[in-house]
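Listed here are the chains, written in short residue letters.
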Amino acid sequence: QVQLVESGGGLVQTGGSLTLSCAVSKSTFTASDMAWYRQAPGKQRELVATVTTFGNTNYAGSVRGRFTISRDNADNTVYLQMGSLKPEDTAVYYCLAHTYSLKDGRYYDTWGQGTQVTVSS
């Protein structure tokens, strides 16, 4: 069973930076498209950024140019570098692994437990 462990959240001032990490427990990482989502209090969970197995990236409009998603296949880890942080970036950030199974040809989603990011004004 795939497990994801996020780290790197915390409290930062407006304009500051943080880098989130998501370590994936199994070698299925290279078969996984990875994503970061976030959920602010009282709001729905929203997609922040994605990186495919080929390294192609995509971003929500609200973070494009400020956040960078990357992956290290040697360490089974995906990162989210966040810069120019704003109070509206405050949320719990979740890592998602969208994994292709060779056994049955299906995709399976695994979520991390989340890490809190708080941006003070």
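The preceding data block contains the structure.
The structure reproduced in this document is the subject of the present report. All values reported here derive from a predicted model rather than from experimental measurement.

The next point concerns the side chain of R38. Along the chain, R38 falls in strand β4 (residues 32-39). A relative accessible area of 6% places R38 in the buried class. At 2.6 Å, the side chain of R38 forms a polar contact with the side chain of E46. For R38, the side chain forms a polar contact with the side chain of S62, separated by 3.4 Å.

The subject of this paragraph is the state of the cysteines. Tallied over the entire structure, the rule returns one disulfide. Covalently, C22 is tied to C95 through a disulfide, its sulfur atoms 2.1 Å apart. Sign of the S-S torsion, about -85° for the bond between C22 and C95, identifies this disulfide as left-handed. Of this pair, C22 sits in strand β3 (residues 18-24) while C95 sits in strand β9 (residues 91-100), and the two are 73 residues apart along the sequence.

Considering all chains together, one arrives at three salt bridges under this definition. E46 is paired through a salt bridge with R38; the nearest N and O atoms lie 2.6 Å apart. Between R66 and D89 there is a salt bridge, and its shortest N-O distance comes to 2.8 Å. Residue R66 is located in the loop between β6 (57-59) and β7 (67-72), and its partner D89 is located in the loop between β8 (77-82) and β9; the two are separated by 23 residues in the primary sequence. Neither residue differs from the other here; R66 and D89 are each classed as buried. Three or more residues are tied together by salt bridges with common partners; here these are R38, E46, R66 and D89.

Below, the discussion takes up the packing of aromatic side chains. To describe a pair of aromatic rings, you give the distance between the ring centres and the angle between the ring planes. Overall, the coordinates contain three aromatic pairs when judged by the stated rule. A ring pair is formed by Y94 and W111, whose centres lie 6.4 Å apart and whose planes are at 85°; its orientation type is edge-to-face. Here the residue Y94 occupies a position in strand β9, and W111 occupies one in strand β10 (residues 107-111), the gap between them amounting to 17 residues. If you follow R45 out to its NZ or CZ, it ends over the ring of W111, 4.6 Å from the centre. Just above the ring of F29 sits the side chain of R71; from NZ or CZ to the centre is 4.4 Å.

This brings us to a nonpolar patch on the surface. On the surface, Y100, L102 and Y107 cluster together into a nonpolar patch covering about 370 Å² of accessible area. Topologically, L102 is positioned in the loop between β9 and β10. Residue classification places L102 among the exposed residues on the basis of a relative accessible area of 79%.

Rules used throughout
- Every chain's residues receive numbers from 1 upward, in the order its sequence appears when written.
- Where totals are concerned, whole chains, interfaces and linings use all residues; where local detail is concerned, this predicted model gives features only for residues with pLDDT of at least 70, and gives and counts side-chain atom pairs only at 80 or more.
- Heavy atoms throughout the structure, all of them, feed into the side-chain values; hydrogens and water do not.
- Note on conventions: DSSP H or I runs of at least 4 residues are helices, E runs of at least 2 residues are strands, and numbering of each starts at the N terminus.
- Three exposure classes are used, based on accessible area relative to the maximum for each residue type with a 1.4 Å probe and protein chains only: buried under 20%, partly exposed in between, and exposed over 50%.
- We define a polar contact as two N or O atoms separated by no more than 3.5 Å, with the added condition that, inside protein, one atom must be a possible hydrogen donor and the other a possible acceptor, whereas residues neighbouring each other in sequence contribute only through side-chain atom pairs.
- To count as a disulfide, a pair of cysteine sulfur atoms needs to be within 2.5 Å.
- Just to be clear on terms, a salt bridge is a Lys or Arg side-chain nitrogen sitting within 4 Å of an Asp or Glu carboxyl oxygen.
- Two aromatic rings, drawn from Phe, Tyr or Trp (for Trp, its six-membered ring), form a pair once their centres lie within 6.5 Å of each other, and the interplanar angle then sorts them: stacked below 30 degrees, edge-to-face above 60, tilted otherwise.
- As a reminder, the over-ring test applies to NZ of lysine and CZ of arginine, requiring each to be within 6 Å of the ring centre and within 35 degrees of the ring normal.
- Exposure above 30% relative accessible area and the lack of any salt bridge qualify a residue for a patch; like charges then connect within 9 Å, and the nonpolar side chains Val, Leu, Ile, Met, Phe, Trp and Tyr within 5 Å.
- Every accessible area reported is derived by Shrake-Rupley at a probe size of 1.4 Å, with residue values counting cover from the shown protein chains alone.

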